[in-house]
Amino acid sequence: MTLKRKIAVNVSIAFSILFGLASIFIYLRFSSFRKEEFKQRLEEKALTTTKLLLDVKKVDKKLIKLIDENSINNFYNEKTLVFNDDFTLIYSSVGDAEIKWTPNDLKRLSTVKSFFKSDNERDLVGINFTFEQGNYYVLITAEDKYGYSKMEYLMYSLIITFFVSILLVWVFTYLFIKKQLSPLDTFEKKITSISANQLNEHLAENENNDEINLLTKAFNQMLDRLENAFATQKEFTSNASHELYTPLTRISFQLENLINTQKHSETTLEYLKSINNDVHQIADLINSLLLLAKVNKEEMGKKFKKIRIDEVIFDTYEQVKKINTNFNLDFDIQIADEIENPMEVLGSKSLLKIAFTNLLKNAYLYSSNNKASVVINQTEQQQIIVLIQNQGKTITNTELNKIFEPFTRGENSIHIQGSGLGLPIVKRILDYHNATITYNSPNENTNEFKVTFSI
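Keep in mind the model is a prediction, meaning the values are calculated, not measured.

K.L.:
How should the side chain of N128 be read in this particular structure?
P.N.:
Secondary-structure assignment places N128 in strand β4 (residues 122-131). A relative accessible area of 11% places N128 in the buried class. A distance of 3.0 Å separates the side chain of N128 from the backbone oxygen of L109, its partner in a polar contact. Discounting residues that sit within four places of it in the chain, N128 has contacts with L109, S110, K113, N135, Y136 and Y137.

Laid out in structure tokens, this is it:
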């Protein structure tokens, strides 16, 4: 979950809980208010009826009932009972409603003066009324039809308001958070587009003191440090490689003159040739490291051109053959007839020569018969597959996972010169070309490297 969604969800959930609790509180408070209001109205009606009954003694009880029945304060499903001090019923209002009461209710009124209780949807109020030194007990019950109607209306209003508000809150909170954090999206896009060649391109800063601007300033400072570090590294690598390559060239030239102009014993001649091969190997390694130190994937991708893989391998073989004269190579090409522009890939010819030079050198050095085979197969799936095989001691499963790590050499490299940097350099060059390389051993005596180019 993204940061924007996480913040929006948390804020929305918090608001939903608070609004839900507020709605429940409002409903409960209104329910309590309805009870208190209805209780007060029932008490007023009970006192009015009782006073009319006791004050106007000459008034006929039937007339009182008629007045009570047609009163503007009449309640729905109402019933009023009046008892004297002996708990004798002296008045009962008209209507079919019944009051469920017991003598204990009247005894209770003698101590508490009044009480209120609910029975289903009907509310009951009991009052202890004193008149001319006599106690009268009034029980009045009714159904608060309009109060419950208001409660139901309030409940549905709160529920609808709750869900509509939650929906609006979730939508507007997400849009608000998205707008507020939009600078982070811009920040992410800009830092993603900055490559090793664009470290001098800083992000735009403003005068705000918010976290995003502080993060931008910190990132720009980091870019400055990285640019200085890369510049120092490239300068050191270039200078060191140049300083190392110059004396190696002189040593190689002097060794070749020594081998060709003077007569030596066979043992001395072998030593001189071995030293000369070592010098060439070191020079090639320095050239490779120097070239890789100066380029990166983004820069090389802009300079890629269409080249033929078969021509690269032919040129590479001729170059390896000059140093290893007894190296033999079997070459085979398998291409479908309907493919246009066969064996063409976008790449750097100089880098691919370095890669295949290392692969062919390995095929020669680790072969048991100074022989290797190369098969180029271009399939209909828009791929060019190059298989390089040789006969010799294979790599163990334990060593297979580390074969492309720098300075890693297997058990089959004993008594074979090398630095352990050849295959890592090959892997890096092929990564630049969006190509893959894998190692396989079809049988106990066959090494196979598979290079796959996507076109």
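Still more ground to cover, so stick around.
K.L.:
How should the sheet that holds β4 be read in this particular structure?
P.N.:
Backbone hydrogen bonds are what pair the strands of a sheet, in a parallel or an antiparallel way. Spatially, β2-β1-β5-β4-β3 is the arrangement adopted by the five strands of the open sheet, whose pairing is antiparallel. For this open sheet the edge positions go to β2 (89-92) and β3 (114-119), each flanked by a neighbour on one side alone. In this sheet, adjacent strand axes meet at a mean angle of 15 degrees when their direction is disregarded. Where strand β1 (residues 76-83) meets strand β5 (residues 134-143), six bridges bridge the pair, whose relative direction is antiparallel. Of the residues in β5, the one forming a bridge with T80 is I140.

K.L.:
Explanation requested: the packing of aromatic side chains in the structure shown.
P.N.:
Centre distance and the angle of the planes are the two values used to describe a pair of aromatic rings. Following the criterion strictly, the structure yields nine aromatic pairs and no others. Centre to centre, the rings of F15 and F19 are 5.7 Å apart; their planes meet at 20 degrees, and the pair counts as stacked. Here the residue F15 and the residue F19 both occupy positions in helix α1 (residues 3-55), the gap between them amounting to four residues, near one helical turn. Residue class for F19 comes out partly exposed when judged on its relative accessible area of 21%. Aromatic pair F162 and F163: ring centres 5.3 Å apart, planes at 80 degrees, arrangement edge-to-face. Judged by relative accessible area, F163 falls into the exposed class, the value being 54%. What links up through ring pairs into an aromatic cluster is the set F15, F19, F162 and F163. Sitting over the ring of Y148, R34 keeps its end group 4.2 Å from the ring centre.

K.L.:
What's the story with the packing of helix α9 (residues 309-323) against helix α10 (residues 349-365) in this structure? I'm lost.
P.N.:
Geometry of a packed helix pair, given as the angle between the helix axes and the separation of the axes. Between α9 and α10, the shortest axis-to-axis distance is 9 Å and the interhelical angle comes to 55 degrees. With respect to α10, the element α9 is oriented oblique. Seen from above, α9 lies across α10 with right-handed handedness. Every residue of α10 that contacts α9 at I309, V312, I313, D315, T316, Y317, Q319 and V320 is listed here: K349, L352, K353, F356, T357, L360 and K361.

Conventions used here
- Residues numbered from 1 in each chain as written.
- Predicted model: local features only at pLDDT ≥ 70, side-chain atom pairs only at ≥ 80, totals over all residues.
- Heavy atoms only, no water.
- Helix = DSSP H or I, 4+ residues; strand = E, 2+ residues; numbered from the N terminus.
- Buried < 20%, exposed > 50% of the residue type's maximum accessible area, 1.4 Å probe, protein only.
- Polar contact = N/O pair within 3.5 Å; in protein donor to acceptor, adjacent residues only side chain to side chain.
- Contact = heavy atoms within 4.5 Å.
- Pairing = 2+ DSSP bridges.
- Axes fitted to C-alpha atoms, helices over the stretch in contact; angles between N-to-C directions.
- Phe/Tyr/Trp six-rings, centres within 6.5 Å; stacked < 30°, edge-to-face > 60°.
- Lys NZ or Arg CZ within 6 Å of the ring centre and 35° of its normal.
- Parallel < 35°, antiparallel > 145°, perpendicular 65-115°, else oblique.
- Left-handed = near helix turned anticlockwise from the far one by under 90°.

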